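Observations on the model geometry
Here are the chains, one letter per residue:
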Amino acid sequence: MATNDDQITAWNGPQGAVWVAMQERLDNQLLPLGRATADALLLAPGQRVLDIGCGAGQTTLDLGARVGAEGRATGVDISEPLLAAARSRAAIAGAANVDFVHGDAQVQAFAADHDAIFSRFGVMFFADPVAAFANLARALRPGGRLAFVCWRRPEENPLMTAPLAAAVAAGLPPPEAGPPDAPGPFAFADRDRVVGILTAAGFTDVVATPHDEPIGGNDLDASLDLAFHVGPLARLVRDKPDQRAAVTDAVRATLARHVVAGGVVLMPSATWIVTARR
Ligand SMILES: C[S@@+](CC[C@H](N)C(=O)[O-])C[C@H]1O[C@@H](n2cnc3c(N)ncnc32)[C@H](O)[C@@H]1O
């Protein structure tokens, strides 16, 4: 089985540190998509739910609130820095029914009694997705449900791609295109591929529903800073401060066209909300 060593290194290194630093902005951006995905699980009080790739735990706390004091929400992540942020957040919130596990969801030995598995953008990074989802299926009781949200194609998600396009138009050399199915944010953009992976992993009733909703939620300065820290533009200008300075005005102008009432940037997003049953 291919292992997740590269992702473990990245999420415990600079990438994890950036996500911790940017978490409030990322949560502003991703909150509605996580809620729509959790709604699809139809959780009931007293249930046990796993949050795969929970990051800094905003969604784990939300899941904990949905299953109530008699239930339990467990966040799972490979990133120590993000889990530290999640644990601190749960302690501040006094969320006694929420806990966190440091582990690789592809191989972690889970108890087989969970009612539901959730993920907000945490399942597209597996080196062996069929093995990983087969492992997740084993964590569900018979009839247990899975729901996760993942990105559709980059071209349909301008919040991530328009800053890069603006920077390239302003003179930055474009990035080399990698293999579309490689572990990463857009690995599950192809609906047939996702459905095939889950079916091969043993899930039934697999449905990928397109979900289109404007997202953003940060003011112009925060959105600009986020674009230079997370996403395709961030990957391109990492370690190149001179190039960043040269394209900042162009990226700002692009984002400024999407500032709405209230002063926040809002742009279309295109995701799959994928649901399945064990
Ligand atoms: C794009 S971030 C999303 C974080 C969080 N769900 C959110 O929406 O804010 C992806 C997360 O998945 C985690 N991750 C990646 N591969 C993983 C694996 N094999 N097992 C567990 N977590 C993983 C990363 O450490 C990271 O926290």
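All figures in this text were calculated on a predicted structure; none of them were measured in a lab.

1. Quick word on the packing of aromatic side chains
All chains considered together, the criterion is met by seven aromatic pairs. Aromatic pair Phe133 and Phe188: ring centres 6.1 Å apart, planes at 40°, arrangement tilted. You can see Phe133 sitting in helix α6 (residues 129–138) and its partner Phe188 sitting in the loop between α7 (158–169) and α8 (191–200), a full 55 residues away along the chain. Residues Phe133 and Phe188 agree in their burial class; the two are buried.

2. Looking at the site of the ligand
Taken together, 20 residues are adjacent to the ligand, and Gly53, Asp77, Asp104, Ala105 and Arg120 come closest. Taking Gln23, its side chain carries an N or O atom lying 3.4 Å from an oxygen atom of the ligand. With respect to the ligand, the backbone of Ala105 contributes an N or O atom lying 2.9 Å from a nitrogen atom. Protein chains shield 98% of the accessible area of the ligand, which is 590 Å² for the free molecule. Residue classes in the shell around the ligand are distributed as 10 nonpolar, seven polar and three charged.

3. So, the pattern of salt bridges
Counted according to the given criterion, the structure contains 16 salt bridges. Arg25 is paired through a salt bridge with Asp225; the nearest N and O atoms lie 2.6 Å apart. Separated by 200 residues along the polypeptide, Arg25 in helix α3 (residues 23–41) and Asp225 in helix α9 (residues 220–227) bring together distant segments of the chain. For Arg120, the salt bridge is made with Asp27, and the minimal N-O distance between the two is 2.8 Å. In this pair, Arg120 sits in strand β4 (residues 114–120) while Asp27 sits in helix α3, placing the two residues 93 residues apart along the sequence. Of the two residues, Arg120 and Asp27, both sit in the buried class.

Rules used throughout
Residues numbered from 1 in each chain as written. Predicted model: local features only at pLDDT ≥ 70, side-chain atom pairs only at ≥ 80, totals over all residues. Heavy atoms only, no water. Phe/Tyr/Trp six-rings, centres within 6.5 Å; stacked < 30°, edge-to-face > 60°. Helix = DSSP H or I, 4+ residues; strand = E, 2+ residues; numbered from the N terminus. Buried < 20%, exposed > 50% of the residue type's maximum accessible area, 1.4 Å probe, protein only. Near = heavy atom within 4 Å. Polar contact = N/O pair within 3.5 Å; in protein donor to acceptor, adjacent residues only side chain to side chain. Areas by Shrake-Rupley, 256 points an atom, 1.4 Å probe, with all protein chains shown as cover. Nonpolar A, V, L, I, M, F, W, Y, C, P; charged D, E, K, R; others polar. Salt bridge = Lys/Arg side-chain N within 4 Å of Asp/Glu carboxyl O.

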